[in-house]
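A closer look at the structure
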Amino acid sequence: MNYISTRGKSPSVSASQAIINGMAPDGGLYVPEKWPNVDLDWQILAQQSYQQIATRIFGAFFDDFSNQEIQEVVQAAYGQQWDNQDIVPIHSEKHLHYLELFHGPTLAFKDIALQALPHLLTMAAKKQQLKNKLVILAATSGDTGTAAMSGFGDVDQTEIIVFYPKVGVSDIQRQQMVSEQAKNAHVIAITGNFDDAQQAVKAALGNQELMTLLSGNQLQFSSANSINIGRLIPQIVYYIYAYAQLVKQQQLHAGDEIKIVVPTGNFGNVLAAFYAQQIGLPVAQFVVASNENNVLTDFFNTGVYNKNRQFKVTHSPAMDILVSSNLERLLYFASGRNAQEIQNYMSDLTQKGYYELTATTREQLSQFLAYDATDTEVDKTISQVFKASRYLLDPHTAVGYHAFEQLDGQMPTLLAATASPYKFPQTVMQALGEEVALGEAGLTQLSTITHTKIPNQVRDLFKKPILHDKIIDSSEILQTLGVTLKLK
Ligand SMILES: *Cc1c(COP(=O)(O)O)cnc(C)c1O
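Residues numbered from 1 in each chain as written. Predicted model: local features only at pLDDT ≥ 70, side-chain atom pairs only at ≥ 80, totals over all residues. Heavy atoms only, no water.

The name that an unreviewed UniProt entry assigns to the chain is Threonine synthase, with the source organism given as Leuconostoc fallax. Heading Cofactor (unreviewed entry) of the UniProt record for the chain holds this comment: "pyridoxal 5'-phosphate". The Sequence similarities (unreviewed entry) field of the UniProt record for the chain holds the comment "Belongs to the threonine synthase family." (UniProt positions renumbered as here; feature names shortened; annotations may be inferred.)

What follows concerns the sheet that holds strand β4 (residues 96-100). Neighbouring strands of a sheet are bound in pairs by backbone hydrogen bonds; such pairs are parallel or else antiparallel. Taken together, six strands build an open sheet; the order of strands is β3-β4-β14-β9-β10-β13 and the sheet is mixed. Edge positions in the open sheet fall to β3 (90-93) and β13 (368-372), since each of these has one partner strand only. Mean inter-strand twist for the sheet, computed between neighbouring axes without regard to direction, equals 20 degrees. Where strand β10 (residues 283-290) and β13 come together, five bridges link them in parallel fashion. Bridging from a neighbouring strand, F286 pairs with F368 of β13. Here helix α13 (residues 295-302) sits on the sheet and contacts β10 and β13; the angle it forms with β13, its principal contact strand, is near 140 degrees. (Pairing = 2+ DSSP bridges. Helix = DSSP H or I, 4+ residues; strand = E, 2+ residues; numbered from the N terminus. Axes fitted to C-alpha atoms, helices over the stretch in contact; angles between N-to-C directions. Contact = heavy atoms within 4.5 Å.)

So, on to the site of the ligand. Around the ligand, the structure places 15 residues, and the nearest of them are K110, D143, G265, N266 and N269. In the model, an oxygen atom of the ligand is placed 2.4 Å from a nitrogen or oxygen of the D143 side chain. Taking G268, its main chain carries an N or O atom lying 3.2 Å from an oxygen atom of the ligand. Within the complex, 98% of the 380 Å² of free accessible area of the ligand lies under protein. When grouped by side-chain class, the residues that make up the shell around the ligand number six nonpolar, seven polar and two charged. (Near = heavy atom within 4 Å. Polar contact = N/O pair within 3.5 Å; in protein donor to acceptor, adjacent residues only side chain to side chain. Areas by Shrake-Rupley, 256 points an atom, 1.4 Å probe, with all protein chains shown as cover. Nonpolar A, V, L, I, M, F, W, Y, C, P; charged D, E, K, R; others polar.)

Written out as C-alpha cells, the structure reads:
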C-alpha cells in the first residue's frame, strides 16, 4: 500500500519514504492510497495488550516494514517510559469514558506518536539506505516540542530543532523545553504566535535552495509535526484499543456505535479517529472541540474555513491554532479523493485567507459536530467537574468536556483526555479559585489542594538547569537554521 499526496502532483511512495519525506513535494499531505484490510474482531482484540494492537495497526499501514521491525518499534515506543502499563487507561463515569492519553514522558497525548516516530524514522532511513543525517524541524505550541525531544533526544543520525512561541506556553512546558539535555536538541523561542512558527517551518521545509544547501552538508529535513504520517497512524491505535477495552469491561457490546469527542488544534487527533472509523471502528459522531480560536466550529457549521480573524492566546495553548493542517486530509476523502478540489481550497486559503466547501463535499461531513469553549467556560468546567467527581481535568480536556455537555442522548462517548492537569498547574489552580504559584510551588500546591499525586515525570523539573535561551523573530528562521546546523 502506497501513500499519495492530497494535491495529486507528487509520485506515490512507500510508507517508509512517506515517513522520511514528512510532507509531499507538491506541498500536499500523504494519505493512504487505499484503506488497509484490518480484521477487527472485538472479542479477540479485547484480550490483547496495547502493544499487540499497535503491532497490528502499524503492520497494516506501514506495510513495507517487516513484522520484526514493527515489533522492535512498538517495544521501544511503549515500554517502561509510561507510568501506566495500559499505556492509555480509561476513566469511566456512566456513558462518558475519558481516554487518558497523558501517561507518557511529557504528560500529553503527543507522546503516544512521538515515542514511536523516531524509531519508525530511523528504521525507514535504514531501509531507504539514507546516508544523510535527518534534521527534525518542529513548530510547537508547547506539547509537540517537549514530546519530540523526549522521543528524538540522543537518537543517532538525527538533529532536532524546536521553535516555540514566546507567549502562550505554560511554565511547565517552557521549563521542559529549555532544560532539554539531549546533545542533538536545539530549542528556540519565536516572538510571533504558533501559526507564525508553523508557517515559517513549513516554508523552510519547502525551500528548494535550503534543501540543496542541506544536502551539500549531508543533511536532510524531516518533520515531527502531525503532518507526518508516522505521527498520525500511531494515534489510530488508542481508539481501537479503547473500544476493545470497553467491550472487555462490558461497557459496550461489540458493534455498538460510539461518539468520540476530541479537543482539537491541528486536527491530527480527531483525524486519527476518522481513520480508525474507515478501517472499521463503529463511530456515529465525531465531536470537534475548539477553544476561542474557533475556526473549526465555524467551518463545520457553515462550510467556510476562514482564518481571517484575531489569533487568541488561551488557557489551552496547544489548541491555539488558526490553520489546522490535517483538515486537508479529511477534505481529501470527503471530496471523493479530488486532488484538484483540494488544490483550489488550499490556494484560496493562501490567497484570500478562506475557502468554501462545495455542497457535495460538505454533505460528506455530516458526522462531524463542532463546539467551542471560552476560557471562562473552561475554568468553570474544570471547577465543576472537580467538585462533582473529584476528577481533575487539564484545560484542553475541559474544552472537550464542555463540548460533551452539549450532546444529546446517552450514547457511549470517548473523550480524548489529552494532557495531565500537572502540565498546566496555574490555569487549573486559578479555575479552582486558588492562589497561583509558579514553578515547583505550583506543582506542590496543586497536589496539596486536590489530593492528587505529582507525576514523577515533572517532580524534579525545576531543579534542572536552563540550557536554551535563544529568542528570534519568525523572519529569522532560515538564518537561524544555518547557524544552528553550521551549514557551509
Ligand atoms: C496538541 C494538543 C491538542 C490538539 O491536538 P491536534 O491533534 O493538534 O488537534 C490538544 N490537547 C493537547 C494537550 C495537545 O497537546
